[in-house]
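Okay, here's what each chain looks like letter by letter:
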Amino acid sequence: AKQRVTNWPMWVLGLVIMIDQFDQSIVRGAATDIQDHFGVSDSAIGWLLSAFVVVNGLMTVPAGYLADRWNRTRTIGHTVIAWSVITMVTAFSGTFTMLLLLRAMLGFGQAITEPSAASALSDYYPTSRRGAVFSNQQVMGLIGAGLGIAIGGAIADSFGWRWAFVAAGPPGLLIAMLAYALREPPRG
């Protein structure tokens, strides 16, 4: 008989999606402070928000190909650590161009974690449970986006935009450790 899988992988991989959306949304919450600090226009903030999307769009298909060949849980852990560190380093951006480039690099993160998490979840759970599992992923992403805007804005307002990025790193590092602890499910 096939062993029943707990909800733990669903929640851990949901947290991965949540922290990714949180991280993306910090810029929205801190946009006014970033604009004031660098003296940039609304258009520049638009580019800052779009840089992530462009890189993500370019990398998603190759990352999905690799997700079918790599150890997904380890890849997710590595990726979350990398983007958490990049997010914290973002706080030290001396120029708007540097900030833009660092935020663009984060597009690699979601391009890798999304297909890896979806693939792993499909192997963890039978088709009869996947609707609920993937619904959880969607909800966790929305929660992360809302929290990123709210918390990023609150921290930027109280302590400055740089601290919003510093504060986002440690939760990501903790979630990466949880991802590393997941066993890699057999494919198929």
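In the block above lies the structure referred to throughout.
Here is what the cut-offs are and how they apply
Residues numbered from 1 in each chain as written. Predicted model: local features only at pLDDT ≥ 70, side-chain atom pairs only at ≥ 80, totals over all residues. Heavy atoms only, no water. Helix = DSSP H or I, 4+ residues; strand = E, 2+ residues; numbered from the N terminus. Rg over C-alpha atoms; globule rule 2.2 N^0.38 Å. Buried < 20%, exposed > 50% of the residue type's maximum accessible area, 1.4 Å probe, protein only. Salt bridge = Lys/Arg side-chain N within 4 Å of Asp/Glu carboxyl O. Axes fitted to C-alpha atoms, helices over the stretch in contact; angles between N-to-C directions. Parallel < 35°, antiparallel > 145°, perpendicular 65-115°, else oblique. Left-handed = near helix turned anticlockwise from the far one by under 90°. Contact = heavy atoms within 4.5 Å. Nonpolar A, V, L, I, M, F, W, Y, C, P; charged D, E, K, R; others polar. Arc of directions from axis to C-beta. Phe/Tyr/Trp six-rings, centres within 6.5 Å; stacked < 30°, edge-to-face > 60°. Expected span 1.5 Å × (residues − 1). Bend = angle between axes of the 7 residues up to and from the residue. Polar contact = N/O pair within 3.5 Å; in protein donor to acceptor, adjacent residues only side chain to side chain.

**Student:** Got a minute to help me understand the overall build of the protein chain in this structure?
**Tutor:** Along its length, the protein chain carries seven helices and zero strands. What you see in the protein chain, going N to C, is helices and strands ordered as α-α-α-α-α-α-α. Against the globule reference of 16 Å for 188 residues, the protein chain gives a C-alpha radius of gyration of 17 Å, in line with a compact fold. On the principal axes, the C-alpha backbone points of the protein chain span a range of 65 × 30 × 25 Å. Counting the 188 residues in the protein chain, one finds 49% classified as buried.

**Student:** Where do I start with the pattern of salt bridges in this structure?
**Tutor:** In a structure, side chains of opposite charge can pair up when their charged atoms sit close to one another. Under the definition given, this model contains four salt bridges. Close ionic contact of D123 with R72 constitutes a salt bridge, the shortest N to O distance being 2.7 Å. Of the two residues, D123 sits in helix α5 (residues 107-124) while R72 sits in helix α3 (residues 72-90), which places them 51 residues apart along the sequence. Residue classification places D123 among the buried positions, given a relative accessible area of 17%. A cluster of three or more residues bridged by salt bridges with shared partners is formed by R72, D123, E184 and R187.

**Student:** So what exactly am I meant to see when it comes to the packing of helix α2 (residues 42-67) against helix α4 (residues 96-105) here?
**Tutor:** The relative placement of two packed helices is expressed as an angle between their axes plus a distance between the axes. Relative orientation of the contacting elements α2 and α4 amounts to 30°, with a least axis distance of 7 Å. Between α2 and α4, the angle is such that the two are roughly parallel. Crossing hand, α2 versus α4: right-handed. Contacts between α2 and α4 involve A44, I45, W47, L48, A51, F52 and V55 on the former and, on the latter, F96, L99, L100, R103 and A104. Tallied by class, the residues present in the contact of α2 with α4 amount to 11 nonpolar, no polar and one charged.

**Student:** Would you explain the packing of α3 against α5 in this entry?
**Tutor:** Packing of α3 against α5 brings their axes to within 9 Å, and their N-to-C directions diverge by 150°. With respect to each other, α3 and α5 are oriented roughly antiparallel. Once α3 is placed against α5, the crossing between them reads as left-handed. Along its contact with α3, which presents R72, T73, T75, I76, T79, V80 and W83, the element α5 presents G109, Q110, I112, T113, S116, A117, S119, A120, D123 and Y124.

**Student:** Help me out: how do you make sense of helix α7 (residues 161-181) in this one?
**Tutor:** In an α-helix, one turn spans 3.6 residues; hence positions three or four apart end up facing the same way. Regarding α7, the residues found buried are W161, A164, F165, A168, G169, G172, I175, A176 and A179. For α7, the angular spread of buried residues about the axis comes to 150°, placing them on one side. Projecting away from the buried face of α7 at angles above 90 degrees are the exposed residues L174 and A181. The secondary structure elements touched by the buried residues of α7 are α1 (8-38), α3, α4 and α6 (127-159).

**Student:** Could you clarify how one ought to interpret the environment of A132 in this entry?
**Tutor:** Its place among the elements puts A132 in helix α6. Here A132 falls in the exposed class, since its relative accessible area comes to 54%. Along the chain, A132 and L102 lie 30 residues apart, while their C-alpha atoms are 34 Å from each other.

**Student:** Is there a simple way to think about the packing of aromatic side chains in this case?
**Tutor:** Aromatic ring pairs are described here by two measures, namely the spacing of the ring centres and the angle between the planes. Taken as a whole, this structure holds four aromatic pairs when the rule is applied. Relative to Y125, the ring of Y124 lies with its centre 6.1 Å away and its plane at 50°, an arrangement referred to as tilted. Taken together through their ring pairs, the aromatic side chains of F38, F96, W161 and F165 make up a single cluster.

**Student:** Would you explain α2 in this entry?
**Tutor:** For α2, spanning 26 residues, the distance from its first C-alpha to its last is 36 Å, which sits close to the expected 38 Å at 1.5 Å a residue. At T60, α2 shows its maximal bend, which comes to roughly 45°, and the proline P62 appears one to four places after that position. Of the surrounding secondary structure, the elements contacted by the buried residues of α2 are α1, α3, α4 and α5. Sitting at the head of α2, S41 places a side-chain oxygen 3.3 Å from the backbone nitrogen of S43.

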